[in-house]
Amino acid sequence: MSDQTFNANPTVFALTKSAKRRAAKELLWLSQSDESDYDSGDEFEPIDGDEVFDLIRSISDPEHRSLTLEQLAVVSAPQITVTDQRNHIMVEFTPTVPHCGMSTLIGLSIRVRLMRSLPARFKVDIRVKPGSHNSEHGVNKQLNDKERVAAALENPALVEALEVCLATASRRGQPVEAGPY
Amino acid sequence: MKEDLPCTLVPVASLSGHEDRAWGVAWNPVKSLLSTCSADKTIRIYTYTSTPSPSFTLLASVPTGHTKTVRGIAWSPSGTSLASASFDSNIGVFQREVDEDEGNVGAGEWECVSMLEGHETECKSVAWSAEGNLLASCSRDKTVWVWEALPDGDFECMGVLMEHTQDVKCVAWHPTEEILASGSYDDTIKLYLDDPSEDWFCFQTLTGHTSTVWSIAWSPCGRYLASASDDRTIRIWKRVEEHKWACVHVLDGAHERTIYAVSWGPKPDNAGARTLGWLASAGGDGRINVWELEIEEDAEENSPPRHRLLARLEGAHSVSDVNGIVWCPREGYRSLLASVGDDGEARIWRISPSG
């Protein structure tokens, strides 16, 4: 992507404990393919905000690839709202700096991760935290325009950058050395 | 949620086969053909038997040659050409290889007769003028192109309209006059005319929607325009002067997510004299709505048409978004509605009195 630096010295936050409900299952699941956590979209399995957070917390930051979105406090559990009965998920994220040019890519990586992992019944809205970005409206609009998202996913250069960010997503909050990767 | 509505959408057919999201659907205006397009880069063409319960058979799966999603398709008024708009930034025109005679449905391959290059980024929509001599296309490059169809199958660009400030999502021609409408990510609708001594120009910008305009549909009579938006409303615009349209009504609360498609069907078979046809809408909430629109008696200039919700269907494509919806324009088939969704399916519905 771009060589421009948006935030050279980001604040790094400690990892929180893995979501309690998932934590117990995690060991059993490590050997399985991460993308098949949920079966077909027709089967009703309740999902909560902690599970959604687990899915996205370990996505790598596009600018600081050794750090996760959780470590940079870009995503957090309280910023996720799941209305399970209405099949709706709202994910809010906080760019590290208000002029962050990577915000669209971060949002796109969250969307793609959830698209690949969640049952099809969920409609997902993604937005930056109100007041956290100079182009808030523009970023939000683009991230929620499914045609723009679909076109982006047919752009090989963009998909390559996305896959780098998503490669670490399956750690689900585990530090690198603790995981099998 | 059981509602007491006068009509019901009865399933007629469910057509699967696309390997990815289905984006568009179009009925051939003269022949028994229905086509769909998809992110899988193909166009599927079905033939169907006569009403009341038509059955659909796949006639061809056209590879198209597009290297990315086929986003939109449109049949020419004569029914001989099918145009496609693709994310690969090209517009395709397809025709059947040999002249078929009706009934001999197996004959002739569908081949690409023209690939129109010019747009810089993803094409989103394509539309033929009422006479079939003009083709309009639009793209994320913010432009609308008007092409003239020449007799030898060639196309010449007549104008590049750079009026929108963002992604252009849809184009639609007036049903009888050479007036073009486009809807955009910039939340506006632009109306264009051809100046005989100059170029195509925008004569009005319709503002009011508060987010992306995804779809526009002219009423068959040409006096009204319906627009569907990400703001979850449908606006009805009325011709108040020869070259002036005004918003006369906002259909609010009918959808809970983005409205991706709106279709204004021709006067239904056996309809009353005052009817303006049926309006169907569909969107990200998976819902299909159908309204009946009528001219109000002793109507004032700016009064909206009388509207009544006829039918509502939830989960038309199960949990999937509905991306396209269109009424069959052919006489005798006007109670048929086709929809396409993120599930890759095309579904055919018949609107019938409830109970």
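Thresholds, definitions, all that
Residues numbered from 1 in each chain as written. Chains lettered and ligands numbered in written order. Predicted model: local features only at pLDDT ≥ 70, side-chain atom pairs only at ≥ 80, totals over all residues. Heavy atoms only, no water. Helix = DSSP H or I, 4+ residues; strand = E, 2+ residues; numbered from the N terminus. Buried < 20%, exposed > 50% of the residue type's maximum accessible area, 1.4 Å probe, protein only. Contact = heavy atoms within 4.5 Å. Areas by Shrake-Rupley, 256 points an atom, 1.4 Å probe, with all protein chains shown as cover. Rg over C-alpha atoms; globule rule 2.2 N^0.38 Å. Lys, Arg positive; Asp, Glu negative; His and termini not counted. Charge placed at Lys NZ, Arg CZ, Asp CG, Glu CD. Patch = residues over 30% accessible without salt bridge, like charges linked within 9 Å, V, L, I, M, F, W, Y side chains within 5 Å. Salt bridge = Lys/Arg side-chain N within 4 Å of Asp/Glu carboxyl O. Polar contact = N/O pair within 3.5 Å; in protein donor to acceptor, adjacent residues only side chain to side chain. Pairing = 2+ DSSP bridges. Axes fitted to C-alpha atoms, helices over the stretch in contact; angles between N-to-C directions. Buried area = accessible area lost by both parts, 1.4 Å probe. Nonpolar A, V, L, I, M, F, W, Y, C, P; charged D, E, K, R; others polar. Parallel < 35°, antiparallel > 145°, perpendicular 65-115°, else oblique. Left-handed = near helix turned anticlockwise from the far one by under 90°.

- Going by what an unreviewed UniProt entry lists, chain B is known as WD40 repeat-like protein and is assigned to Vararia minispora EC-137.

1. Regarding the overall build of chain A
Here is step 1: If you tally the helices and strands in chain A, you get six helices and three strands.
Here is step 2: When the 181 residues of chain A are sorted by exposure, 51% land in the buried category.
Here is step 3: Partitioning the intrachain contacts of chain A with sequence separation of at least 6 by distance along the chain shows that 71% fall at a separation of at least 24.
Here is step 4: Element-wise, carbon and sulfur atoms account for 54% of the exposed surface of chain A, whose accessible area totals about 8700 Å².

2. Comments concerning the overall build of chain B
Here is step 1: Along the backbone of chain B there are zero helices and 28 strands.
Here is step 2: In terms of C-alpha radius of gyration, chain B reaches 19 Å, essentially the compact-globule figure of 20 Å for 355 residues.
Here is step 3: Sequence-distant contacts, at least 24 apart, represent 50% of the contacts inside chain B between residues at least 6 apart.
Here is step 4: On chain B, roughly 13900 Å² of surface is accessible, and the fraction owed to carbon and sulfur atoms is 44%.
Here is step 5: Counting 30 positive and 53 negative side-chain charges, chain B places the averaged centre of each group 7 Å from the other.

3. A short note on a negative patch on the surface
Here is step 1: Where like charges cluster on the molecular surface, the negative patch consists of Glu131, Glu178, Asp194, Glu198 and Asp199 of chain B.
Here is step 2: One can find Asp194 of chain B in strand E16 (residues 189-194).

4. Some words on helix H2 (residues 49-56) of chain A
All names here are of chain A.
Here is step 1: Counting buried positions along H2 gives seven out of eight residues, so the element sits mostly inside the fold.
Here is step 2: Inspection of H2 places Gly49, Glu51, Val52, Phe53, Asp54, Leu55 and Ile56 among the buried residues, and these make up the whole buried set.
Here is step 3: Measuring from the backbone nitrogen of Asp50 back to the side-chain oxygen at the start of H2 gives 3.2 Å, which picks out Asp48 as the cap.

5. Digging into the sheet that holds strand E4 (residues 43-48) of chain B
Residue and element names in this part refer to chain B.
Here is step 1: One open sheet accounts for four strands, arranged E2-E3-E4-E5; its pairing is antiparallel. Edge positions in the open sheet fall to strand E2 (22-27) and strand E5 (56-62), since each of these has one partner strand only. Here the average twist between neighbouring strands, direction ignored, is 20°.
Here is step 2: Relative to strand E3 (residues 33-38), E2 runs antiparallel, the two sharing five bridges. By the bridge assignment for E3, Val25 is matched with Thr36.

6. Things to note about the side chain of Ser263 of chain B
Residue and element names in this part refer to chain B.
Here is step 1: Counting through the fold element by element, Ser263 comes out in strand E22 (residues 259-264).
Here is step 2: Within polar-contact distance, the side chain of Ser263 engages the backbone nitrogen of Trp327 at 3.1 Å.
Here is step 3: Apart from the residues lying within four places of it in its own chain, the contact partners of Ser263 are Ala217, Trp278, Leu279, Ala280, Ile325, Val326 and Trp327.

7. Regarding the interface of chain B and chain A
Here is step 1: Each partner contributes to the interface: chain B provides 27 residues, whereas chain A provides 18 residues.
Here is step 2: Between chain B and chain A, roughly 1800 Å² of surface is buried when both sides are summed, and carbon and sulfur atoms account for 43% of that area.
Here is step 3: Of all residues in chain B, the largest losses of buried area upon contact with chain A belong to Tyr185, Arg257 and Val319 of chain B, amounting jointly to 36% of the total for that side.
Here is step 4: The tally of links from chain B across to chain A stands at eleven salt bridges.
Here is step 5: One salt bridge in this structure joins Lys146 of chain A and Asp342 of chain B, with 3.1 Å as the shortest N-O distance.
Here is step 6: For the interface between chain B and chain A, the tally reads 18 residue pairs in polar contact (both at pLDDT 80 or more).
Here is step 7: Taken together, the residues of the side of chain B that touches chain A sort by class into seven nonpolar, seven polar and 13 charged.

8. Let's talk about the sheet that holds strand E26 (residues 322-327) of chain B
Residues and elements named next belong to chain B.
Here is step 1: Across the sheet, four strands lie side by side as E1-E28-E27-E26; this open sheet has antiparallel pairing. Because the sheet does not close on itself, it has two edges, and the strands there are strand E1 (7-15) and E26. Strand-to-strand, the axes of this sheet are offset by a mean angle of 25°, without reference to chain direction.
Here is step 2: Summarising the sheet, E26 and strand E27 (residues 336-341) pair through five bridges and their orientation is antiparallel. Considered in E27, the bridge of Gly324 is made with Val340.

9. Here we look at the pairing of E16 of chain B
Residues and elements named next belong to chain B.
Here is step 1: Most of E16 sits inside the fold, with five of its six residues counted as buried.
Here is step 2: Bridge count between E16 and strand E17 (residues 200-206): six bridges; the pairing is antiparallel. By the bridge assignment for E17, Ile189 is matched with Leu206.
Here is step 3: If you look at the hairpin formed by E16 and E17, you'll find five residues sitting between the two strands.

10. Thoughts on the pattern of salt bridges
Here is step 1: Under the criterion given, the structure shown has 27 salt bridges over all chains.
Here is step 2: Between Lys123 of chain A and Asp321 of chain B there is a salt bridge, with the nearest N and O atoms lying 2.5 Å from each other. Of this pair, Lys123 of chain A sits in strand E3 (residues 123-128) while Asp321 of chain B is found in the loop between strand E25 (306-313) and E26, placing the two residues in two different chains. The same class applies to Lys123 of chain A and to Asp321 of chain B, which are both buried.

11. Here's the deal with the packing of helix H3 (residues 103-117) of chain A against helix H4 (residues 136-143) of chain A
A packed helix pair is summarised by two numbers, namely the angle formed by the two axes and the spacing between the axes.
All names here are of chain A.
Here is step 1: Direction vectors running N to C along H3 and H4 enclose 30°, while the axes themselves pass 10 Å from each other. When the axis of H3 is compared with that of H4, the two are roughly parallel. Classified by chirality, the crossing of H4 by H3 is right-handed. For the pair formed by H3 and H4, the contact residues are Ser103, Thr104, Gly107, Leu108 and Arg111 on the first element and Val139, Gln142 and Leu143 on the second.
Here is step 2: The residue makeup of the contact of H3 with H4, split by class, is three nonpolar, four polar and one charged.

12. Quick look at unusual backbone geometry
Here is step 1: If you check the backbone angles, Arg172 of chain A has positive phi at about 50° while not being a glycine.
Here is step 2: If you check the backbone angles, Ser89 of chain B has positive phi at about 75° while not being a glycine.
Here is step 3: Tracing the sequence through the fold places Ser89 of chain B in the loop between strand E7 (81-86) and strand E8 (91-96).

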